Amino acid sequence: MAETLTPEQVRKVARLARLKLTEEELQRLTPQLSDVLKYVDMLSEVETDDVEPMAHAIEVHNVLRPDQARASLPREEALANAPNSDGRYFLVPQIIEGA
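This text gives an overview of the structure that appears in the document. No experiment lies behind these values; they were computed from the predicted model shown.

1. Some points on the side chain of Ser-34
Then step 1. Counting through the fold element by element, Ser-34 comes out in helix H2 (residues 23–43).
Then step 2. Apart from residues lying up to four places away in sequence, Ser-34 is in contact with Thr-4 and Leu-5.

2. With respect to unusual backbone geometry
Then step 1. In this structure, Arg-18 takes a positive phi of about 60° despite not being glycine.
Then step 2. Secondary-structure assignment places Arg-18 in the loop between helix H1 (7–16) and H2.

3. Points about the pattern of salt bridges
Then step 1. In total, this model carries two salt bridges according to the counting rule given.
Then step 2. Close ionic contact of Arg-11 with Glu-23 constitutes a salt bridge, the shortest N to O distance being 3.3 Å. Placement of the pair is Arg-11 in helix H1 and Glu-23 in helix H2, with a sequence separation of twelve residues.
Then step 3. Between Glu-24 and Arg-28 there is a salt bridge whose closest N-O contact spans 3.8 Å. Taken together, the residues Glu-24 and Arg-28, both in helix H2 and four residues apart, mark about one turn of the helix.
Then step 4. Residue Glu-24 is classed as exposed on the basis of its relative accessible area of 57%.
Then step 5. The exposure class assigned to Arg-28 is partly exposed, which follows from its relative accessible area of 40%.

Conventions and cut-offs
Residues numbered from 1 in each chain as written. Predicted model: local features only at pLDDT ≥ 70, side-chain atom pairs only at ≥ 80, totals over all residues. Heavy atoms only, no water. Helix = DSSP H or I, 4+ residues; strand = E, 2+ residues; numbered from the N terminus. Contact = heavy atoms within 4.5 Å. Salt bridge = Lys/Arg side-chain N within 4 Å of Asp/Glu carboxyl O. Buried < 20%, exposed > 50% of the residue type's maximum accessible area, 1.4 Å probe, protein only.

Take a look at the structure:
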């Protein structure tokens, strides 16, 4: 059975995940995360030798339409709601120096 996590362990995991937890969050999350690990540990006891590996619990089919070439949106229509354009291109703020 999984051990109960300590606040120090949760603090370390939070730091590795780049999460900043308050003391209240740490106290609230420590038992919750311990419970999750105990549940996962229980799942490891389930016999799965005769279970076929699958990506989804139900059969999934591709619901995307096939790619088909078609006319592009007219330039004026594409630029109609642009915050800034020169009539031919979208204008965006420069973010790379010297470009």
